[in-house]
Amino acid sequence: MSDAFLSHMRDTLAGIEADGLMKTERLITSPQGTRVGVDGRELINLCANNYLGLADHPALVEAATGAMRDHGYGMASVRFICGTQDLHRELEQRLAAFLGAQDSILFAACFDANGALFEPLLGPEDAVISDALNHASIIDGIRLCKAKRYRYANSDMADLEAQLKAARADGARHIMIATDGVFSMDGYLAKLPEIRALADQYDALLMVDDCHATGFMGPKGEGTPAHCGVSADILTGTLGKALGGALGGYIAGPQPVIDLLRQRARPYLFSNALPPAVVAAGLKALDLVEQGDDLRAQLFENSRYWRDGLTEIGFDLLEGEHPIIPVMLYDARKAQAMAQRLYELGVYVSGFFFPVVPKGRARIRTQMNAALTRADLDEALAAFDRAGRDTGVLT
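**Considering the nonpolar core**
Counting 88 residues, the largest nonpolar core has Leu46, Trp306 and Phe384 as its most contacted members. Ranked by residue count, the leading element in this core is helix H12 (residues 276–290), at 10 residues. Every residue in contact with Leu46, bar those within four places of it in the chain, is listed here: Trp306, Val347, Tyr348, Val349, Arg365, Thr366, Gln367, Met368, Leu372, Ala380 and Phe384. Phe118, Leu122, Val128 and Tyr268 belong to the second-largest nonpolar core, a separate cluster that totals 26 residues.

**Describing the layout of surface pockets**
Taken as a whole, the largest pocket encloses approximately 1100 Å³ of empty space. If you go around the largest pocket, you meet 47 residues; those closest to its centre are His135, Ser184, Met185, His212 and Arg365. Looking at the lining of the largest pocket, the elements that each hand over two or more residues are helix H5 (110–121), helix H6 (136–144), strand E7 (182–183) and strand E15 (362–367). Among the residues forming the lining of the largest pocket, the class breakdown is 23 nonpolar, 16 polar and 8 charged. Taken as a whole, the second largest pocket spans an internal volume of roughly 400 Å³. As for the second largest pocket, its lining consists of 15 residues, and the residues nearest its centre are Lys23, Thr24, Ser350, Gly351 and Phe353.

**Quick word on helix H7 (residues 157–169)**
The end-to-end C-alpha distance of H7, which contains 13 residues, comes to 18 Å, matching closely the 18 Å that a straight helix rising 1.5 Å per residue would cover. On its buried face, H7 is in contact with strand E4 (127–131), strand E5 (148–152), strand E6 (175–180) and helix H8 (192–201). The distance from a side-chain oxygen at the start of H7 to the backbone nitrogen of Ala158 is 3.1 Å, and the residue carrying that oxygen is Asp156. Gly171 lies just past H7 and shows a positive phi near 85 degrees.

**Comments concerning empty space enclosed by the protein**
Enumeration according to the criterion identifies 2 cavities of 30 Å³ or more in this entry. Space inside the largest cavity adds up to approximately 80 Å³. If you trace the largest cavity, you find it lined by Arg79, His88, Leu106, Phe107, Ala108, Pro267, Tyr268, Ser271, Asn272, Ala273 and Leu274. For the lining of the largest cavity, the elements supplying multiple residues, two or more each, are strand E3 (103–107) and helix H11 (266–269). Split by residue class, the lining of the largest cavity holds 7 nonpolar, 3 polar and 1 charged. Counted as a void, the second largest cavity has a volume near 40 Å³. Forming the boundary of the second largest cavity are Gly33, Asn45, Ala48, Asn50, Gln367, Met368 and Asn369. Broken down by class, the residue content of the lining of the second largest cavity amounts to 2 nonpolar, 5 polar and no charged.

The rules behind each value
- Residues numbered from 1 in each chain as written.
- Predicted model: local features only at pLDDT ≥ 70, side-chain atom pairs only at ≥ 80, totals over all residues.
- Heavy atoms only, no water.
- Core = buried A, V, L, I, M, F, W, Y, C linked by side-chain atoms within 4.5 Å.
- Buried < 20%, exposed > 50% of the residue type's maximum accessible area, 1.4 Å probe, protein only.
- Helix = DSSP H or I, 4+ residues; strand = E, 2+ residues; numbered from the N terminus.
- Contact = heavy atoms within 4.5 Å.
- 1 Å grid on protein atoms, 1.4 Å probe; cavity = no way out; pocket = protein on both sides within 12 Å on 5 of 7 lines; lining within 4 Å.
- Points joined across faces, edges and corners; volume = space filled by probe spheres on them.
- Nonpolar A, V, L, I, M, F, W, Y, C, P; charged D, E, K, R; others polar.
- Expected span 1.5 Å × (residues − 1).
- Polar contact = N/O pair within 3.5 Å; in protein donor to acceptor, adjacent residues only side chain to side chain.

And the structure:
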C-alpha cells in the first residue's frame, strides 16, 4: 500500500480527532446485561438495545447451546445450496405469524435485510419515497435500486404528500414509502396512521423498519404498526435488539414478495445462513415475548421513572413515549466529557455526535431495560446529577 494513501488515512483520522468526533470502544468482559464488566469494574448499562433484558436470559442460552448440540455450530453455506435447516423455516414462519404476515425471510442482520429489499422489488419505472431521518441501511438499500428517489422531511406529512404527487406526476408505476417505525436517535415514533392514509390515497406501498419496536411496542410487542392500529405492507426488523440481542434480520410481508426476495435478494443469496444457535434462541425469545406483558409493563414503568428523574435534575430531554430517552448536550466534546465522567462514576453510556446525529445535536442516548431495578435507576440518576455538575452541563 502506498505511503501517500496511508498518509491520507492518517490525516483524515487526525481531522476526526481534532473535531472531537473520534469514537472509541471499551472491552466488555461480561454478558450483556443491566450491569456489565469493563476494565475490572461493574457498570450500570444504559446504552444497550436490550429492551426486555433477554440478552443474557438463561432460557435463550440453553436454547442456543442445545441447538449447537443438535444442529451444529455453523452452516458453512448459503440458504439455497445447503444452508437451510428446519430451524430456519420454523423461525421464519413464527415471525410471520407473530407479525401478521404471510411469510418472512431471514438475513444476517437488518442492515442486510434493508440492503436486500428495494433492488429486487423496484425498477426504473418505480419510485421510493424515504423519510429524511431513516436509518443508514434504508438509505443504502435505496441507493442500490434503480427506482426514482424522493425524500420528505422527517414526519412532515405535507412534504410526504407533495412527494407522492410528484412521483405520480412523473409517471411512477409503483410507489413505496419507506420509514423507520421508531427514529432511533430521537426515540420518535413515525406518524404511521397518517402515512398509511396517504399511502392508500395515492396507491402506494408502506415499508416500515421496526427494529426499535418489535417485541415491546404495541399489543404483545407486535411493533409500531400494531401500536398505531394500522398495517404495513412490508416490515423489516431484527433479532439483535429486544429479541435476544444477538444478530439476524428479517423481512416479513406478502408471499409473492418473500418468494421473489428468495430468488433475487443478493445478501440472502450470497451470505451464509444464520447459525443454528442464533435461530433457536430467536425462537425461544419469541416464546418469552409472546408471554411478556409483565416485561413490557416494567420497561415502560422504568422509562417513565427515568424520564421524570432526569427532568427533575434539570437535563434537556427530547419528548417521547419510547424507552429511548436522549439527553441533549448539543456539543460533541461535551457529550464525550459527560460520558467519560459517567464512566468514572459507574454508568456505561456513549456520547452520540456527527455523523451519527446532525452537527450541533450531540447527545447521550439512554435506553431503558425491563431488567433494571429501581435501585439501579436511582444510582444512575445520582451519577447523572454529579456528572452534569462536574462537566458544567448543569449549573
